[in-house]
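Chain residues, written in single-letter form:
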Amino acid sequence: MPGEIDWTKFIPILGPIVGLAAIWFSWRYAIPRKKLSYVILSESPLLRHGGKAEPRLKVMFEEQPVTDPHIVQVRLINSGNREIVAADYHEPLMLQVVGGAEVLTADFIDSDPRDLVDNQDLSITEDRKRIELPSFLLNVGDKYTVKLVTNQPGQYKVKGRIVGVKSIGVGKDVPWAQIASLVLTGLLATAALIASLTATKSGEPMPGQSLSAILAGVAAVLSGITLKFSTRRFRR
């Protein structure tokens with residue numbers, strides 16, 4: 001009918017765009033990458049409740065009073081899709097305390113797998129500003145949590161040099177972004193394939209149909225590679 005828009009004209013344009021988007025999302029997570037992240041799970045005062053100090057309680061450390069001790073939990077996780085082996089640690093990992101706070105004690109409290117930190121030790125530097133973390137194998141998705149007690153609140157960072165890891169950043173404990181990207185990649189690849197198959201007019205191929213099919217195929221292959229590298233991690 002006059003005035004109606006023929007939406008099939010836009011399919012040859014939509015197909016390549018959707019296919020390229022699928023390839024980009026696949027590339028982000030299909031390429032093998034080493035990545036180490038940390039999460040500050042909690043920081044809570046030991047002698048305060050509801051924002052008020054408890055004057056009847058006192059904490060002593062090495063015969064010295066601690067006026068505002070805090071308990072901090074920090075989790076480290078191999079958030080990439082490649083294992084990190086002991087030989088990859090160019091410099092030791094350090095959990096640093098920024099500001100006036102000092103570390104009084106530090107211990108492992110849990111890990112996944114459970115025996116990950118067995119026979120591993122934490123070392124506090126003499127200035128009590130850093131904790132040296134052990135350099136051991138971390139498979140994809142492996143994680144462990146360190147609990148430390150400080151003499152006051154502070155800020156915390158993990159520093160170190162690992163082969164193949166550009167930087168150690170703050171991450172998320174659950175890889176929902178990677179899961180969502182994998183699902184979106186599959187949907188985009190499917191959309192590109194449908195666009196390529198329906199982009200015909202009077203039985204003749206329309207411009208862009210072949211390109212859409214090629215891009216959809218590439219995206220599908222990359223999606224499979226992404227799934228291969230991600231399966232173990234998503235099961236954890």
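For the structure, check the block above.
Below, the structure is looked at part by part. The numbers attached to residues start from 1 for each chain and follow its sequence in the written order. Totals for whole chains, interfaces and linings use all residues, but because this is a predicted model, local features are given only for residues with pLDDT of at least 70 and pairs of side-chain atoms are given and counted only at 80 or more. Water and hydrogen atoms play no part in the side-chain values, which are based on all heavy atoms of the structure.

**A closer look at the pairing of strand β10 (residues 130-133)**
Thinking step 1. Only protein chains enter the area calculation, which uses a 1.4 Å probe; residues under 20% of their type maximum are buried, those over 50% are exposed, and those in between are partly exposed. Numbering goes from the N terminus for both helices and strands, where a helix is a DSSP run of H or I of at least four residues and a strand is a run of E of at least two. Covered by surrounding structure in β10 are I131 and L133 only, the residues R130 and E132 on the alternate face being uncovered.
Thinking step 2. We treat two strands as partners when DSSP finds at least two bridges between them. Alignment of strand β7 (residues 89-98) against β10, held across four bridges, turns out to be antiparallel. Note that in β10 the partner of M94 across the bridge is E132.
Thinking step 3. Relative to β10, strand β9 (residues 123-124) runs antiparallel, the two sharing two bridges. The residue of β10 that forms the bridge with I124 is I131.
Thinking step 4. What sits between β9 and β10 in their antiparallel hairpin is a turn of five residues, with R128 showing a positive phi close to 60°.

**Examining the packing of aromatic side chains**
Thinking step 1. Within 6.5 Å between ring centres, the rings of Phe, Tyr and Trp (the latter by its six-membered ring) count as paired, and their orientation is classed by plane angle as stacked under 30 degrees, edge-to-face over 60, tilted in between. Within this structure, the stated rule accounts for two aromatic pairs.
Thinking step 2. Where F136 meets Y144, the ring centres are 5.6 Å apart and the plane angle is 40°; that geometry is what we call tilted.
Thinking step 3. Residue F136 is classed as buried on the basis of its relative accessible area of 8%.
Thinking step 4. Classification of Y144 as buried rests on a relative accessible area of 1%.
Thinking step 5. By the ring-pair criterion, three or more aromatic residues cluster together here, those being F108, F136 and Y144.

**A closer look at the sheet that holds β7**
Thinking step 1. Read across the sheet, four strands follow the order β9-β10-β7-β12 without closing on themselves; strand pairing throughout is antiparallel. Only two strands of the sheet have a single neighbouring strand rather than two, namely β9 and β12 (155-162).

**Topic: the nonpolar core**
Thinking step 1. Joining through side-chain atoms within 4.5 Å is the link that ties buried Ala, Val, Leu, Ile, Met, Phe, Trp, Tyr and Cys residues into a set, and such a set is a nonpolar core. Formed by 29 residues in total, the largest nonpolar core has its most connected members in L76, L93, L133, Y144 and L148.
Thinking step 2. Counting only elements with at least two residues in this core, the list comes to β1 (36-45), β6 (70-78), β7, β8 (103-112), β10, β11 (143-150) and β12.

**A short note on the side chain of K34**
Thinking step 1. Along the chain, K34 falls in the loop between α1 (11-30) and β1.
Thinking step 2. For the purposes of these results, a polar contact is taken to be a pair of N or O atoms within 3.5 Å, where, inside protein, one atom must be able to donate a hydrogen and its partner to accept one; residues adjacent in sequence count only when each atom of the pair is a side-chain atom. Here D88 takes part through its side chain, which lies 2.9 Å from a polar atom of the side chain of K34.
Thinking step 3. Here a residue-residue contact requires only that any non-hydrogen atoms of the pair lie within 4.5 Å. Setting aside anything within four residues of it in sequence, one finds K34 in contact with R82, E83, D88, V163, G164 and V165.

**Digging into the sheet that holds β6**
Pairing between the strands of a sheet comes from backbone hydrogen bonds, and it takes one of two forms, parallel or antiparallel.
Thinking step 1. The strand order across the open sheet formed by five strands is β8-β11-β6-β1-β13, and the pairing between neighbours is mixed. Looking along the sheet, the strands with just one partner apiece sit at the ends: β8 and β13 (169-170).
Thinking step 2. By the bridge criterion, two bridges tie β1 to β13 in an arrangement that is parallel. Paired with S37 across the two strands is G169, which belongs to β13.

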